[in-house]
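# Descriptive structure summary
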Amino acid sequence: MITSNNLVHHEFIGLNVHATNVKNKSLNLNGTIIDETKNTIKIEDENNCEKIIPKRGSMFLFELPNGEKVEINGDILSIRPEDRIKKRFKKI
C-alpha cells in the first residue's frame, strides 16, 4: 500500500499529480502520470494531451489512492525509477 512514508519507493505511473516549476511559473499541470524516465515525468491531462515535465526544478503534489496529498521536490526524484525504488533516502 502506498503511503506518504514510502511513496518514493513505489511506482508513480497511474497516480494523479499536480506539477509546478520553480523556474517557469507558467508550468501548472494536473493529470495522471503515464510514464517516467530518469529526468522527466510524462503526464496526461484532462484533455488527453501528453505533457513531458522535467523533474529538476519542479515540485510535484501527488494524490495517493487513499486521498492523502504529498508534495515532493523533483530534484530528489531525478533517479532512474528502478534505482529509486531500491535506494534509501534520508528523512526530510
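Just so it is clear, the model here is predicted, and its values are computed rather than measured. (Residues numbered from 1 in each chain as written. Predicted model: local features only at pLDDT ≥ 70, side-chain atom pairs only at ≥ 80, totals over all residues. Heavy atoms only, no water.)

Mapped onto the elements, Asp45 comes out in the loop between β3 (40-44) and β4 (50-54). No salt bridge is formed by the buried Asp45, whose closest oppositely charged neighbour, Lys51, lies at an N-O distance of 5.0 Å. Separated by 2.9 Å, the side chain of Asp45 and the backbone nitrogen of Cys49 make a polar contact. (Helix = DSSP H or I, 4+ residues; strand = E, 2+ residues; numbered from the N terminus. Buried < 20%, exposed > 50% of the residue type's maximum accessible area, 1.4 Å probe, protein only. Lys, Arg positive; Asp, Glu negative; His and termini not counted. Salt bridge = Lys/Arg side-chain N within 4 Å of Asp/Glu carboxyl O. Polar contact = N/O pair within 3.5 Å; in protein donor to acceptor, adjacent residues only side chain to side chain.)

Below, the discussion takes up the confidence of the model for the protein. Caution is warranted with low-pLDDT regions, since their predicted coordinates should not be read in detail. With 95% of its residues at a pLDDT of 70 or more, the protein has an overall mean of 88. Least confident of the elements in the protein is helix α1 (residues 81-86), whose mean pLDDT is 79; most confident is β3, at 96. (pLDDT = per-residue confidence, 0-100.)

When you line up the elements, Ser78 lands in the loop between β6 (69-73) and α1. There is a polar contact of 3.2 Å between the side chain of Ser78 and the backbone oxygen of Gly74. If sequence neighbours within four positions are ignored, Ser78 has contacts with Lys38, Lys55 and Arg56. (Contact = heavy atoms within 4.5 Å.)

Within the secondary structure, Glu71 is located in strand β6. Between the C-alpha atom of Glu71 and that of Met59, which follows or precedes it by 12 residues, the distance is 6.9 Å. Here Glu71 is in contact with Met59, Phe60 and Leu61, once residues within four sequence places are set aside.

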